[in-house]
Amino acid sequence: MAVLPILNYPDPRLHTVAKPVIEVNDKVRALVKDMAQTMYEAPGIGLAATQVNVHQQIIVIDLSDERNQLQVFINPELIWTSEETKVWQEGCLSVPDFYDEVSRPSEVKVKALGLDGKPFEIHADGLMAVCIQHEMDHLKGKVFVEYLSSLKRMRIAGKLKKRIKAGVI
């Protein structure tokens, strides 16, 4: 397992649309292990392959305090979202130390493939619903700051560019 470098906003590679995984094989499983280790080390609760410059439809999520309930979604697809929305304070490993409120559907139903290559469906609400939607946005080339005003986005991008130039991140 290896910790992978995480792309930082406003890196244009974060806007690459991920392609479906053709086959869940050992290469995909090794990538998932590396993504999980990267997410845990960061530390974070979710990571999309796009964030580590791999443009395949893979996300990993672990909301547990013990960091022992990894959930893997390969080729995830939202098949239902609630009309009811909820505002959550979101952050992102690609936008370190910046948080803001984003409104999203409060419940979702997702179908995906697991590490065994078999399809499954889950119904999620609360933080899990938010996390799934946030990570799936990455697979579509969208970062959560794009839900914010253009002024806020420009400020965040400017601050992150300065940090990157200074070697802080």
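Note that the structure is a prediction, hence the values are computed from the model and not measured. Residue indices follow the written sequence of each chain, beginning from 1 at its first position. At least 70 in pLDDT is required for a residue's local features to be given in this predicted model, at least 80 for side-chain atom pairs to be given and counted, and no such filter applies to totals for whole chains, interfaces and linings, which use all residues. Only hydrogens and water are set aside; all other atoms, that is, all heavy atoms of the structure, feed into the side-chain values.

**Student:** Explain the packing of aromatic side chains here, please?
**Tutor:** Centre distance and the angle of the planes are the two values used to describe a pair of aromatic rings. The pairing test for Phe, Tyr and Trp rings, Trp by its six-membered ring, is centres within 6.5 Å, and the orientation test on the planes gives stacked under 30 degrees, edge-to-face over 60, and tilted for anything in between. Applying the stated criterion across every chain yields a total of one aromatic pair. Judged by centre distance (5.6 Å) and plane angle (50°), the ring pair of F73 and F120 falls under tilted. Of this pair, F73 sits in strand β3 (residues 71-81) while F120 is found in strand β7 (residues 119-125), placing the two residues 47 residues apart along the sequence. Its relative accessible area of 1% is what places F73 among the buried residues. The lysine or arginine in question, K142, covers the ring of Y147, its NZ or CZ lying 4.0 Å from the ring centre. Where helices and strands are cited, they refer to DSSP runs of H or I of at least four residues and of E of at least two residues respectively, numbered from the N terminus. Each residue is placed in one exposure class: buried if its accessible area under a 1.4 Å probe, protein chains only, is under 20% of its type's maximum, exposed if it is over 50%, and partly exposed if it falls in between. For a ring to carry a charge above it, either NZ of a lysine or CZ of an arginine must fall within 6 Å of the ring centroid while also lying within 35 degrees of the normal to the ring plane.

**Student:** Explanation requested: the state of the cysteines in the structure shown.
**Tutor:** Disulfide: a covalent bond connecting the sulfur atoms of a pair of cysteines. To count as a disulfide, a pair of cysteine sulfur atoms needs to be within 2.5 Å. Under the definition given, this model contains zero disulfides. Counting only cysteine sulfurs, C131 is the nearest neighbor of C92, a cysteine outside any disulfide, at a range of 10.0 Å. For C92, a relative accessible area of 10% translates into the label buried. Here C131 falls in the buried class, since its relative accessible area comes to 5%.

**Student:** Before we go on, may I ask you to explain helix α1 (residues 26-41) in this structure?
**Tutor:** Given 3.6 residues to a turn, an α-helix orients residues that are three or four positions apart in the same direction. Helix length check: α1 (16 residues) gives 23 Å between terminal C-alpha atoms against 22 Å at 1.5 Å per residue, within 8%. Listed as buried for α1 are V28, L31, V32, D34, M35, A36, T38 and M39. Each element contacted by the buried residues of α1 is listed here: β1 (46-48), β2 (58-61) and β3. Whenever two N or O atoms come within 3.5 Å, that pair is a polar contact, provided that in protein one can donate a hydrogen and the other can accept it, and provided that, for residues adjacent in sequence, both atoms are side-chain atoms. One side-chain oxygen at the N-terminal end of α1 lies 3.1 Å from the backbone nitrogen of K27; it belongs to N25. A helix is expected to reach a length of 1.5 Å times the quantity of its residues less one. Any two residues whose heavy atoms approach within 4.5 Å are treated as being in contact.

**Student:** When you look at the sheet that holds β3 in this model, what are you seeing that I'm missing?
**Tutor:** Across a sheet, paired strands are connected by hydrogen bonds in the backbone, their directions being either parallel or antiparallel. On the basis of which strands lie adjacent, the open sheet formed by five strands has the order β1-β2-β3-β6-β7 and antiparallel pairing. Sheet topology places β1 and β7 at the edges, where each strand pairs with a single neighbour. Taking the axes of each pair of neighbouring strands and ignoring which way they run, one obtains an average angle of 40° across the sheet. Bridging between β3 and strand β6 (residues 107-113) involves five bridges; their strand directions are antiparallel. When the sheet's bridge partners are listed, W80 is paired in β6 with K109. The sheet strands contacting α1 are β1, β2 and β3, and the helix crosses β2 at an angle near 40°. Interaxial angle, 0 to 180 degrees, is taken between N-to-C directions of lines fitted to C-alpha atoms, where a helix line uses only the stretch in contact. Sheet strands touched by helix α2 (residues 126-139): β1, β2, β3, β6 and β7. Its angle to β2, the strand with the most contacts, is close to 150°. Should DSSP find at least two bridges between two strands, the strands are taken to pair.

So, to be careful, I would describe these as geometric facts and stop short of saying anything about function.
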